[in-house]
Amino acid sequence: MKSPLGRGLPHESALRHVSGEARYVDDLPHPPGLLVGRVLGSSEPRGRITRRDRHRALAVPGVHAVFFAEDLPGSNNVGPVFHDEPLLAADQVFCVGMPIAFVVAESYPAARKAVEAIEVDITAAPAIPDIEAGIAAESFIGEPHVIERGNVGEALASAAHRLSGTLDSGGQDHFYLETHAALAIPGEDRSITVYSSTQHPSEVQTLVAEVLGWGRSRVTVECPRMGGGFGGKETQAAQWACLAAVAAVRTGRPVKVWLDRDSDMSFTGRRHPFHSTWEVAFDAEGRIQALSADLYSDAGWAADLSLAILDRGLFHMDNGYWLPNVRLRGNAVRTNRISNTAFRGFGGPQGMVVIERIVESIAEHLGLDPLEVRRRNFYADGNDRTPYGQQVRDFRLHRIVDELAERADLAERKARVAAFNAANEWRKRGIALTPVKFGISFTTSFLNQAGAYVLLYGDGTVQLNHGGTEMGQGLYTKMLQVCSHALGAPLQDIVHAHTSTAKVPNTSATAASSGSDLNGQAVASACRQLVERLKPVAAELLGCAVDALELAPENDGEIPEKGGRPAWAWSGGASVTLAEVASAAYLRQIQLAAAGYYRTPDIAYDRKAGKGKPFHYFAYGAAVSEVEVDGLTGEWRLHRVDIVHDVGESLSEDIDKGQVEGAFVQGLGWLTWEELVFDDRGWLVTHSPSTYKIPAIGDIPSEFHVHLLERAAQDDVIYGSKAVGEPPFMLAISAHTAIGRAVSAFAEGGRHVAVSIPATNEAILTAVEQARKR
Amino acid sequence: MSLRYAANPELEPDPVDTLHFWLNDRVIELAYPSGGGGSDVNGTTTLLRFLRDELAETGTKEGCAEGDCGACTVVLLEERPGEKPTFRAVNSCLLFLPMLQGKRVYTVEGLRDRSRSPDDPEAYHPAQLAMVETRGSQCGYCTPGIVMSLFEATYRDDVKADWQIDDQLCGNLCRCTGYRPIRDAGRKVAGLRPDDRFRATMEQYRARDAALDITAPDGLDGPQRYLQPTTFEAFFEARAAHPNAVLVAGGTDLGLKVTKFHEHFPVVIGLEGLDALREIERTPLGWFIGAGVNLTRVMELVGEEIPALHKMLRWFGSRQVRSRATLGGNLVNASPIGDTPPVLAALGAEIAIRGSAGERHVHIDDFFTGYRKTCLEGDELVVGVDLPRTPPTAFCTAYKVSKRRELDISAVAAGMYVDLDGDVVKEIRLAYGGMAATAASRARRTEAALTGQRWTRAAVEAAMPLIDADFLPIADHRGSARYRSSVARNLLLGFWLESQRADREAFDPHPVGTVLSGGAP
């Protein structure tokens, strides 16, 4: 028997997933008296509410209550960072769909009819529909974030080569398969339990308490699991939980809010669209000498996490490249749209596509091999400080790119692509390698903390708790492996409890790829405390000194067995199991529960100065994508993808590989098929999968090779592992870059033609027509 | 709700006032006695909502309620006249309960052997184990639906090529995995056909009578009657009695009016029981396909014998949608963005129509009369479609351009046919979808310009601008007017390019684009 750490295990819930027995919030058994809720949203993008009347709604059979802003017992505010988001609009509305009233009824049809029967008059005011209008109106949230180094003006003026451009990237709906859901069950003595599909139970707890006007200790929030999150349930689960909680307390009955797909897509925030302008100076070898760039994000009507997302956009404008003179400016634009929110990558992809486009333009301009230009600009000894001043240690892209080019047979395939293009009139291929360097940590430094609570029972079985939530990323699986390794308990004896604020308080969101880094350390810390308490007991049982014990905890070797069970400690020929030690410890009045805690050391960032060390470390990877584009229709296919990605020493190999593949395909969706279309007032037209097209099975390449970088242990991270949730999302930039090259192959002399993001078939055909024209 | 789990596993004689079907290993009965006091679940309740809301069987998930994500996939055990019983993965979100009358349905809860420990791998179905072994589940929410699609694949005997795995699964969206492990799971189980209790049940299965006439009591919207006749006589009788009744065949389109637009239909006549609509046979001229034959069945039987139809059906909806959608439904719907009308127009199909007054045949050119309008009159019903064989001098194919290749609605679709006399165009039919308000609109000016001309690239290029005279398409979220026009023109060029190829009739399982325009290396 060996420690399960690092092994490629199935997801801990896999058998329950495949049998339909895994329960999500909407699957929980209905408590007696359950009411269901539905929201009435504003019909105007901006305006003043002049009248609200609920009499007709209350007359609908089965309707129990209709809530307006003034019915909220506590604070009417659910803004996660800045308190700028009323739960229900009282006098002003700032986007279509902004909640004005909340109905609870005995059935969804009754709630729907009641919503239709509420009368609201709004005097419309001029609205800001998009970034361009917002820039013109100087409608910004907070101060611009500026990161600057060297003398950009001088370097731009004196450089041998200069290019400038703009780039827009589109939004993206999370399209987690499980839509938002919350179930609130009122308790006695002003208490409430809320089951919420949330990445951030502590924040839901905080906001529910504030909206109710109670202390947080009266509110328990539990997340059983999520059917996908991707950032969409980091802040935006709270409003539904708060509405359910208020209605539950007011009616004294359990209340559920579950959004159908169309409501979920229409009423909740998405990835921020970005607009950028840039100017770059470089030498004849393609080395960047100066970069000046402005990023503008479409924040929507409220701040939500927009400033942190903008920050991460700026932090990834370097990707893996040394920028000696640099000036980056970011502005979050307030528009009259649904407030945009976190989405895997959190602004990083929106920044990284800009620098990748710039590097591509430099190579095209100079007629150089784009990979060679990338290599020349990579961080290196001496040139190892990011624009915000953090030293890039252990830069792995040289190694990764070399290994990938070999694995992908890049040189040979480039030649084949060129031959294909020469032989074909209406089909062109493109192949591209792009790298990723992604900073790991919440850039709001204090969030980098986590707690765990490990309960050992007298029979040697264990209940594992920590503050992280499970959304499919495999965090629970990894934490079980960490717990098993650190405590020396067999996996089958550990039960992972659902995440609850009653077990571990004051937690951070499971976000920023940090789930296993932070919670893993906290779990290991709790386990080590238990091990220290148990060691003397084991020594006593074995009749030896503590120093003479050999232990299962953190043991990478073979664990001996005792009576068919793995031993926990052994010495000489004798051994004891965890059950024996736990039972003996209980009889000796030793505490068998331990709380673990972790905070990331050494990180701090000064946003005003634009300097600091926001990241504990960087994660790396690179991808080669080969595509073929049809010049008649703009259709295309991804033929092959090769990836080398750095996850450190993997905690769980199959989980990590799954994250890399899944993130790549999700990134591919953002860059190509997924197009959000709005009407004039800002209503989303593409609010269901019939019109919003995330990747389907036939879209993925028949050759899809993912290799995890070997010999890659990361210092000072749990068991040498690295974060994996977000970084591989940006590997998909390789596919978009390859599309750009295929399109350019339609032009005489392969002149570079830009393709929009998303590169829909229409966008590609438009670019092909442009390429063929001149 | 008055729901009975029948004590006797053998269905009793089939009373028309009782909804009854097998759900996994038990019989569900919902009685609607004429005196009242019966079930209050109405006939347009979907199986998905019934499972979740009435039975608290929550393994089957709602991801979209429009047949576009597959999270609600269940498997129907069906027996059609003259056919072996088969499993069919279908979307339970679009399945009205009466469509199950006398049938058997499996849900994800029915797969695990509950007499064994949940820790025992033997307790699970191969489709379930394959998903565990390949690490095919991450968040797990799409997983039950994928397992049910794989369940169907396990018992199929016609999976011979790898593209059929994608085709089986293209109706199941997953946002977590990137599909690679799910595709691998499909490869593991497709065509396994284990000797197990499911296969035994399937092979012995005999469908029961689907006749039904139930009235659900007053809900918020008033009472609802649902009739399911099994003979033409009964059908015309029901139509005479309820001239305003809505008709439903597979329900893949009408279902949306219930799940998305929350419409209430006071009287519904279901065509599920009309076996006479399910005839499909080779004829001296080609094929006759009954209006009620589902499109999966059409693919199985006609296959690549009619390459244009086969190609279009591969990109039509999803396996789940095709296993419910009917050729008749797609025609009568008369949607300008329906996928089969342009192909049928290119093939020169004849539509067989039956009313209480008798039968008639209409050429497809005369079938569509306007936006969602057909030439059907009075109580007429489409009973089938005659598809003539394409002569050896002719080339006929289909094109579909959409935002996403699989499970999407076309921005532009086309069926094209050219018959040559030497190298001179004898007849050309260019029927488009997505370009005009009427389904299968012909590019008449372009056709006229090409007829009698030599079939050359120059002639085609000269005719391409006429497409703009033929059509002024609309702009919407599927594409701008400019894009639609460009594509419509280019498809004509693509048609010519393809017509010059030796492999022009070959099915491309992994196409780059809808036109076979690529060459060697």
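Counting its regular elements, chain B contains 17 helices and 21 strands. Whereas a compact globule of 521 residues would reach a radius of gyration of roughly 24 Å, chain B reaches 24 Å, a difference of no more than 12%. Projected onto the principal axes, the alpha-carbon positions of chain B cover approximately 75 × 55 × 45 Å. Across the 521 residues of chain B, 63% fall into the buried class. Per element, the accessible surface of chain B, about 18100 Å² overall, is 51% carbon and sulfur. Across chain B, the 60 positively charged side chains and the 71 negatively charged ones have centroids separated by 5 Å.

Another aspect to go through is the overall build of chain A. Helix and strand counts for chain A come out as 19 helices and 31 strands. The globule rule puts the C-alpha radius of gyration for 774 residues at 28 Å, and the 27 Å found for chain A is close to it. Expressed along its principal axes, the backbone C-alpha trace of chain A runs to roughly 85 × 75 × 50 Å. Counting all 774 residues of chain A, 67% fall into the buried class. Taking all contacts inside chain A whose residues are at least 6 apart in sequence as the whole, residues at least 24 apart take part in 80%. Working note: accessible area of chain A is about 24900 Å², and carbon and sulfur atoms make up 48% of it. Here chain A carries 74 positive and 94 negative side-chain charges, and the mean point of each set is 1 Å from the other.

L291, W568 and F664 of chain A are the most contacted members of the largest nonpolar core, which has 218 residues in total. Residue contacts for F664 of chain A: discarding those within four places in its chain leaves A623, S625, L638, V641, I643, F704, P728, F729, L731, A732 and S734 of chain A. In this structure, L295, A334, A398 and Y417 of chain B belong to the second largest nonpolar core, which totals 46 residues.

This part is about the interface of chain A and chain B. At the junction of the two partners, chain A supplies 89 residues and chain B supplies 84 residues. Surface buried jointly by chain A and chain B totals about 7100 Å² across both partners, of which 54% is contributed by carbon and sulfur atoms. Area buried by chain A at its contact with chain B is led by V18, L177 and I697 of chain A, which between them contribute 11% of it. In this assembly, chain A and chain B are joined by 14 salt bridges. Across the pair R180 of chain B and E661 of chain A runs a salt bridge, and its minimum N-O distance is 2.8 Å. Here the element with the most residues in the side of chain A that touches chain B is helix α17 (residues 653-671) of chain A; it accounts for eight residues. Class assignment of the residues belonging to the side of chain A that touches chain B gives a composition of 37 nonpolar, 26 polar and 26 charged.

All names here are of chain A. Strand order across the open sheet formed by five strands is β7-β15-β14-β13-β8, with mixed pairing between neighbours. Here the strands that pair on one side only, and so sit at the sheet edges, are β7 (140-149) and β8 (161-169). Strand-to-strand twist across the sheet, computed as the mean angle between neighbouring axes with direction ignored, equals 10°. Pairing of β7 with strand β15 (residues 325-334) involves seven bridges; the strand directions are antiparallel. Bridged to E148 within β15 is R327.

A few words now on the packing of helix α6 (residues 201-212) of chain A against helix α7 (residues 238-251) of chain A. Residue and element names in this part refer to chain A. Following both chains from N to C, one finds α6 and α7 inclined at 40°, their axes separated by 9 Å at the closest point. When the interaxial angle is binned, α6 and α7 end up oblique. Handedness of the α6/α7 crossing: right-handed. Of α7, the residues touching α6 (which contributes V204, L207, V208, V211 and L212) are A238, A241, C242, A245, V246 and V249. In terms of residue class, the contact of α6 with α7 is built from 11 nonpolar, no polar and no charged.

As a further point, take helix α5 (residues 180-189) of chain B. Within α5 of chain B, burial applies to P181, I182, R183, A185, G186 and V189 of chain B. Against α17 of chain A together with α2 (126-133), α3 (143-155) and α4 (163-169) of chain B lie the buried residues of α5 of chain B. G191 of chain B lies just past α5 of chain B and shows a positive phi near 75°.

Residue and element names in this part refer to chain A. One way to put it is that helix α15 (residues 515-542) packs onto helix α16 (residues 578-587) with a least axis distance of 9 Å and a crossing angle of 105°. Considering their axes alone, α15 and α16 lie roughly perpendicular with respect to each other. Each of L534, V537, A538 and L541 in α15 lies in contact with α16, whose residues at this interface are L578, E580, V581, A584 and A585. Per-class residue counts for the contact of α15 with α16 are eight nonpolar, no polar and one charged.

On to the sheet that holds strand β4 (residues 92-93) of chain A, then. All names here are of chain A. The three strands are arranged β4-β2-β6 in an open sheet whose pairing can be described as antiparallel. Single-partner strands in this sheet number two, and they are β4 and β6 (119-124). Judged from the six bridges that link them, strand β2 (residues 47-53) and β6 form a sheet pairing that is antiparallel. Bridging across to β6, G47 finds its partner in A124.

This part takes up the pairing of strand β13 (residues 274-282) of chain A. Regular strands have side chains that alternate between both faces of the sheet. Residue and element names in this part refer to chain A. Burial runs high along β13: seven of the nine residues are buried. Summarising the sheet, β8 and β13 pair through nine bridges and their orientation is antiparallel. Residue H161 lies in a different strand from β13, and its bridge partner there is F282. Of the pairings in the sheet, the one linking β13 to strand β14 (residues 288-300) comprises nine bridges and is antiparallel in character. Residue pairing in the sheet places T277 in a bridge with D294 of β14. The hairpin formed by β13 and β14 contains five residues between the paired strands, and G286 there has a positive phi angle of roughly 90°.

Residues and elements named next belong to chain A. Taken across its seven residues, strand β5 (residues 99-105) has seven buried, putting it largely inside the fold. As judged from the six bridges shared by strand β1 (residues 35-41) and β5, these two strands associate in the antiparallel manner. In the sheet register, V39 faces β5, and the bridge partner there is F102. Pairing between strand β3 (residues 63-67) and β5: four bridges, direction antiparallel. Across the sheet, residue V66 finds its bridge partner in β5, namely V103.

Quick look at the pattern of salt bridges now. Any two side chains of opposite charge can pair, given that their charged atoms come close. By the definition in use, this model includes 98 salt bridges over all chains. Put simply, R26 of chain B and E57 of chain B hold a salt bridge, and the shortest N to O gap is 2.6 Å. Taken together, the residues R26 of chain B in strand β3 (residues 26-31) and E57 of chain B in the loop between α1 (47-54) and β4 (73-78) connect sequence positions 31 residues apart. The partly exposed category is assigned to R26 of chain B, whose relative accessible area is 29%. A salt bridge links R429 of chain B to E427 of chain B; the shortest N-O distance between them is 2.6 Å. The exposure class of E427 of chain B is partly exposed, given its relative accessible area of 34%. A single salt-bridge network, built from bridges that share partners, covers D26, D27 and K256 of chain A together with R52 and K61 of chain B.

On to the packing of aromatic side chains, then. For the structure on display, the rule yields 35 aromatic pairs over all chains. One residue, R271 of chain A, lies across the ring of F343 of chain A, its end atom 4.3 Å from the ring centre. Taking the ring centre of W22 of chain B as reference, the NZ or CZ of R104 of chain B above it sits at 4.1 Å.

Before going further, it helps to examine the side chain of T686 of chain A. Here T686 of chain A shows up in the loop between α17 and β31 (703-708). Among the polar contacts made by the side chain of T686 of chain A, one reaches the main-chain amide nitrogen of V677 of chain A at a distance of 3.1 Å. Here T686 of chain A is in contact with M265, E675, L676, V677, T691 and Y692 of chain A together with H477 of chain B, once residues within four sequence places are set aside.

This paragraph deals with the environment of F282 of chain A. Residue and element names in this part refer to chain A. Mapping F282 onto the fold places it in strand β13. Remark: the alpha-carbon pair of F282 and S158, spanning 124 residues in sequence, is separated by 9.8 Å. Setting aside anything within four residues of it in sequence, one finds F282 in contact with A159, A160, H161, R162, L163, R287, I288, Q289, I362, H365 and L366.

Our next topic: the confidence of the model for chain B. When pLDDT is averaged along chain B, the result is 95, and 97% of the positions lie at 70 or above. Predicted complex, confidence summary: ipTM 0.97, pTM 0.98.

This part is about the side chain of Q224 of chain B. Residues and elements named next belong to chain B. As for its placement among the helices and strands, Q224 is situated in strand β8 (residues 222-228). Overall, the relative accessible area of 2% leaves Q224 in the buried class. A distance of 2.9 Å separates a polar side-chain atom of Q224 from the backbone nitrogen of G43. Once residues within four sequence positions are removed from consideration, Q224 is found in contact with N42, G43, T44, I214, T215, A216, H264, F265, P266 and V268.

Quick notes on the rules
- Residues numbered from 1 in each chain as written.
- Chains lettered and ligands numbered in written order.
- Predicted model: local features only at pLDDT ≥ 70, side-chain atom pairs only at ≥ 80, totals over all residues.
- Heavy atoms only, no water.
- Helix = DSSP H or I, 4+ residues; strand = E, 2+ residues; numbered from the N terminus.
- Rg over C-alpha atoms; globule rule 2.2 N^0.38 Å.
- Buried < 20%, exposed > 50% of the residue type's maximum accessible area, 1.4 Å probe, protein only.
- Areas by Shrake-Rupley, 256 points an atom, 1.4 Å probe, with all protein chains shown as cover.
- Lys, Arg positive; Asp, Glu negative; His and termini not counted.
- Charge placed at Lys NZ, Arg CZ, Asp CG, Glu CD.
- Contact = heavy atoms within 4.5 Å.
- Core = buried A, V, L, I, M, F, W, Y, C linked by side-chain atoms within 4.5 Å.
- Buried area = accessible area lost by both parts, 1.4 Å probe.
- Salt bridge = Lys/Arg side-chain N within 4 Å of Asp/Glu carboxyl O.
- Nonpolar A, V, L, I, M, F, W, Y, C, P; charged D, E, K, R; others polar.
- Pairing = 2+ DSSP bridges.
- Axes fitted to C-alpha atoms, helices over the stretch in contact; angles between N-to-C directions.
- Parallel < 35°, antiparallel > 145°, perpendicular 65-115°, else oblique.
- Left-handed = near helix turned anticlockwise from the far one by under 90°.
- Phe/Tyr/Trp six-rings, centres within 6.5 Å; stacked < 30°, edge-to-face > 60°.
- Lys NZ or Arg CZ within 6 Å of the ring centre and 35° of its normal.
- Polar contact = N/O pair within 3.5 Å; in protein donor to acceptor, adjacent residues only side chain to side chain.
- pLDDT = per-residue confidence, 0-100.

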